[in-house]
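# Tertiary structure, described
The chain contents come next:
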Amino acid sequence: MRDFARLIKRLDTTNKTTVKVQALADYFQSAADQDKVWTIALLSHRRPSRPVNTTLLRTYAAELAKIDLWLFEDSYHIVGDLAETIALVVPQIQEVLEAKSLTAYLEDIIWLKKQEDEVKKAYLQKHWSGLPYYERFVFTKLLTGGFRIGVSQKLMTKALAKATDLDEDVLAYKLMGNWDPATISFQDLVLAEKAGDSDSKPYPFYLAYALEDSLEDLGAAADWSAEYKWDGIRAQLIKRNGQIFLWTRGEELVTDRYPEFEVLKETLPDGTVLDGELLPWIEGDIGSFNDLQKRIGRRTVSKNILKQVPVMLRAYDLLEYKGEDIRHLAFEQRRAYLEETLKGQAEDVLSISASLPFEQWGTLANARAKARLVKSEGLMLKRKDAPYRVGRKKGDWWKWKLDPLSIDAVLTYAMRGHGRRSNLFTDYTFGLWTENDAGERILVTFAKAYSGLTDAEFKQVDKYIKNNTIERFGPVRSVVPHLVFEIGFEGLALSSRHKSGVATRFPRILRWRTDKTIQEANSLDDLKKMIP
Amino acid sequence: MEMNNAVGQLFFLKWLYFMSSSGNHSRSSADNINRKTPLLVFNDKGIYCPIADIYIDAWRPVDKCIITHGHSDHARYGHKHYLTHHNNVPIIKHRLGKINVKGIEWGEQVSVNGVVFSLHPAGHVIGSSQVRVEYKGEVWVFTGDYKLQDDGVCQAYESIPCHAMITECTFGLPAFNWRPQAEVMEDINTWWADNAAEGKTSIIFAYSLGKAQRILKHLNTDLGKIYTHGAIEKMTEVLRSIQDFPTTELITRETQKKDLLGQIVIAPPSAHGSPWIRKMVPYETAAASGWMAFRGARRRRAMDRGFVLSDHCDWQGLLQAIESSGAEKVICTHGYTDIFSKYLRSIGLDARTEKTQFEGEVLESEKEAV
């Protein structure tokens, strides 16, 4: 475990991807095989289930530190991470425990889950008092959750490829699916060759830039094709040798999370690669991104959630046709093959993103104005004669998104951030004016946001909050209403679950309105008028 | 170390002399002060002794002010008369320019209107004091900023028995537990040696008064040369009259990048990310601060390394200081005041919080106004 803790420390002390990959590759070259399997599991969200609930963890840690629970809780609110708080408050060690492998610790954790509380307590307190600070932190992290060290499955796979000289995409395929780190060997998981290993190999995505200039600057309207821009997850769907593979833009293989596409095994021809958007498809209509979030990151999909939030792929490009890479062909040509390929496919699972007919640029502006009504976030413009390029390239694809809706609101509550923002108040709640029953003008909460300010602005607002706190509720503070911010959001819907009666989609801070007093902030009625 | 009466009297006269404008006035108004008024109060200008009409570490200009130490949130510009430990005199003169300042010894008693003031080592930085205030047998202590650990640079902290203690609590959370200085310095020296082996320059960020000299004093000079930023060099130069430090070399326009490879540079936190630093590639950066105990703080600062080293008390240090003083009444000034005073009440002390403008150890660079 010492080398694993050292690895986590190295990963945690750098922001450079190359250094992270190197640290992981070094580890994969030197660690014991079974520790490697567990490391892969931990970094791809396959940790054993939590053996001890957090209430007990807090109680046992506070007891060991000889402090009251309230003091532990207050410390936790400031530190911002449970495992870190525990590692910090428990007394410094007197005698170091004998070293154990990472695998041994994880076996302990699996065993621990079934034990009586007294056994759990004794085990935890023994290890907290017998491990040096950083190992104590990593040990506790194994019990509580993700490491938040900026290592994606993709980055981990890259490092493993570097350490084993295996192809990265082949590795990604090997690591997907349901394997159990407690039983599988490194040989079986990583090294053994499997038939069809490279069938899953995706193409790099071509990414568009946001349109900066006017449409006229793009040249003749006739050279361009337009379609709506969908607000889901960019994905590549592959059918080869009777198998289906689904990749997302983070180049993560997620086939097993979306069983909807299984049916395409029968109907889609082999040697087909589609580029499109993964969208929630609820009762014949596109759902909201909030719906889709219920599916993202969920490894095992229950029948209930499958019924609640089914997904579909809205395809807009074809990269491989009859087993042949056709990315060099003109968009228009690929589009023709795409239409041909999608004919007769189950439309509730796979549909085409329609082309918008237009002869003049002016017509497009009208289409864009209607984007919100068809649940899209704007338009995509693609040059008809362009090939499918690699990565983000200017010139052939442009996204022409809708401007966000916005409103001026008053900062009313603040909470400390997490991770690199712990100890700074960076999570804010905003209010709009309304009248209560007595006819008084009051602020009602309408949205929370924690992004959109610069570090310098966060620091200034943090200082204001610390000096102008009215009341504290655990980690939350109510603040003297004084600061006004312009809040942007993508959509609005009536909601009975929100105090204001309105739910906003992706609220974020657009700017700090230092020029406005709180009296000049908007009202809830102003917001309701924006609901389509 | 108590002063004998004759010497005490002498300084009482001097004190009155340099504050001659209000000497008689304070005596007559003192009689009108209700004895229920605490010996020290907090007003909008600072910590104030109404009977003696004297402030301690005032944040607005006042007539007479006792200064605990040279950091800018405690030693401010604009007072008419300053009284401080004599080791702090060159420091505040360097920072504040021409001021009317009087330096005294540890334990030397200064009486004003029946109130006896004396300064005692706080162990925070060179010349840092606690202020002991006694009136008719009642003793108050204002700690200023302090730490219990002997850092080998400044006079070590001395526990003062008192009835009421006004304490800072910058790190008043059980999450803060300092390791012994020798271990942290060993880490810093190892880090320097590792960087040197890779042909890189080591840049460590530390306050120009206090932390910089504490690190400097304990660097392993066998590893190479120690370079400094101007702010650090100037302050260290001032302190060399009080304490011995290894030789340092100021970085100037003439300093070549290759001269710095493998060496260590001590710079103020405000230099982080500046063009001055960027010229030194390849380098590794580190910060030395109590806040480096927090992973979030380490990552926010985007430092390659964070060493947990503070000139303030950790949790146990604060508790130990309060316990050994025997104080029944504790007033917490800056830091995690609410949590810390709540804890003190839970163990039976009469504890509360007072708002001041002291900042304690600030993570970012705003304190470094040199």
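The structure reproduced in this document is the subject of the present report. (Residues numbered from 1 in each chain as written. Chains lettered and ligands numbered in written order. Predicted model: local features only at pLDDT ≥ 70, side-chain atom pairs only at ≥ 80, totals over all residues. Heavy atoms only, no water.)

### As for the overall build of chain A
Put simply, the rule reads: Secondary structure counts use DSSP, requiring at least four H or I residues in a row for a helix and at least two E residues in a row for a strand, with both numbered from the N terminus. A 1.4 Å probe rolled over the protein chains alone gives each residue an accessible area, and that area as a share of the maximum for its type sets the label: buried under 20%, exposed over 50%, partly exposed in between. What makes two residues a contact is simply this: any of their non-hydrogen atoms within 4.5 Å. In these tables, accessible area is a Shrake-Rupley quantity obtained with a 1.4 Å probe, and a residue counts as shielded only by the protein chains included in the view. Residues scored as charged are limited to Lys and Arg (positive) and Asp and Glu (negative), so that His and the chain ends carry no count. Charge positions come from single atoms, namely NZ of Lys, CZ of Arg, CG of Asp or CD of Glu.
Secondary structure assignment for chain A yields 19 helices and 22 strands. By principal-axis analysis of the C-alpha atoms, chain A measures approximately 80 × 75 × 40 Å. Considering chain A as a whole, with its 532 residues, one finds that 53% of them fall into the buried category. Within chain A, residue pairs in contact and separated by at least 24 positions form 70% of the contacts whose partners lie at least 6 positions apart. Carbon together with sulfur atoms contributes 49% to the accessible area of chain A, which is approximately 24,600 Å² in total. Averaging the coordinates of the 78 positive side-chain charges in chain A and doing the same for the 76 negative ones gives two points 3 Å apart.

### Notes on the pairing of strand S10 (residues 138–142) of chain B
All names here are of chain B. Applicable threshold: The rule for pairing is simple: two strands pair if DSSP sees at least two bridges between them.
Judged by how many residues are buried, S10 sits mostly within the fold: four of five residues are covered. The antiparallel hairpin formed by strand S9 (residues 129–135) and S10 contains two residues in its connecting segment, where Lys 136 sits at a positive phi of about 50°. Pairing of S10 with strand S11 (residues 164–169), which is carried by three bridges, proceeds in the parallel orientation. Counted as the bridge partner of Phe 142 is Ile 166 from S11.

### Regarding the interface of chain A and chain B
The cut-off we apply is this: By buried area we mean how much accessible surface two parts lose on assembly, using a 1.4 Å probe and totalling the loss over both. Salt-bridge detection follows one rule: a side-chain nitrogen of Lys or Arg within 4 Å of a carboxyl oxygen of Asp or Glu.
Counting residues at the interface gives 33 residues for chain A and 27 residues for chain B. With both chains or domains summed, chain A and chain B bury close to 2,500 Å², and 51% of this area falls on carbon and sulfur atoms. Where chain A meets chain B, there are two salt bridges. Residue Arg295(B) pairs with Asp81(A) through a salt bridge whose shortest N-O separation is 3.9 Å.

### Description of the sheet that holds strand S7 (residues 110–112) of chain B
Backbone hydrogen bonds are what pair the strands of a sheet, in a parallel or an antiparallel way. All names here are of chain B. This is how the line gets drawn: Fitted lines through C-alpha atoms give the axes, limited to the stretch in contact for helices. The angle between two N-to-C directions lies from 0 to 180 degrees.
Strand order across the open sheet formed by seven strands is S7-S8-S9-S10-S11-S18-S19, with mixed pairing between neighbours. Of all strands in the sheet, those with a lone pairing partner are S7 and strand S19 (350–353), marking the two edges. Recorded for the sheet is a direction-independent mean angle of 20° between the axes of neighbouring strands. Strand direction decides the pairing type here: strand S8 (residues 115–121) and S9, joined by seven bridges, are antiparallel. Looking at the pairing, Phe 117 lines up with Val 133 of S9.

### Quick word on the pattern of salt bridges
As a working rule, side chains carrying opposite charge can pair if their charged atoms are close by. Residue and element names in this part refer to chain A. Counting across every chain of the model gives 50 salt bridges over all chains. Ionic pairing is found between Glu 168 and Lys 154, a salt bridge with its closest N-O pair at 3.1 Å. Here Lys 154 lies in helix H10 (residues 153–164) and Glu 168 lies in helix H11 (residues 168–175), a separation of 14 residues in the sequence. For Glu 168, a relative accessible area of 25% corresponds to the partly exposed category. Residue Lys 154 is classed as partly exposed on the basis of its relative accessible area of 28%. In this structure, Glu 486 engages Arg 511 in a salt bridge whose closest nitrogen and oxygen atoms are separated by 2.7 Å. Taken together, the residues span a long stretch of sequence, with Glu 486 in strand S19 (residues 484–489) and Arg 511 in strand S22 (residues 508–512) at a distance of 25 residues. Looking at Glu 486, the relative accessible area reads 11%, which means it is buried. Several salt bridges share partner residues, and in doing so they unite Asp 408, Glu 486, Arg 511, Arg 513, Asp 515 and Lys 516 into one network.

### Let's talk about the nonpolar core
So the rule is basically this: For the purposes of this section, nonpolar cores are sets of buried Ala, Val, Leu, Ile, Met, Phe, Trp, Tyr and Cys residues that join through side-chain atoms within 4.5 Å.
Of all hydrophobic cores here, the largest spans 105 residues; its most connected members are Phe4(A), Ile40(A), Leu124(A), Trp128(A), Phe294(B) and Leu344(B). The dominant element in this core, judged by the number of residues it contributes, is helix H4 (residues 54–65) of chain A, at seven residues. Contact partners of Trp128(A), with chain neighbours within four places excluded, come to Leu57(A), Tyr60(A), Ala61(A), Leu64(A), Ile86(A), Val90(A), Ile93(A), Arg136(A), Phe139(A) and Thr140(A).

### Some words on the sheet that holds strand S15 (residues 264–267) of chain B
All names here are of chain B. An order of S14-S13-S15-S12-S16-S17 is seen for the six strands of this open sheet, with the pairing classed as parallel. Among the strands making up the open sheet, the edge pair consists of strand S14 (249–250) and strand S17 (305–307). Relative to S15, strand S13 (residues 226–228) is paired through three bridges, and the arrangement is parallel. Bridge pairing links Ile 226 to Ile 264 in S15.

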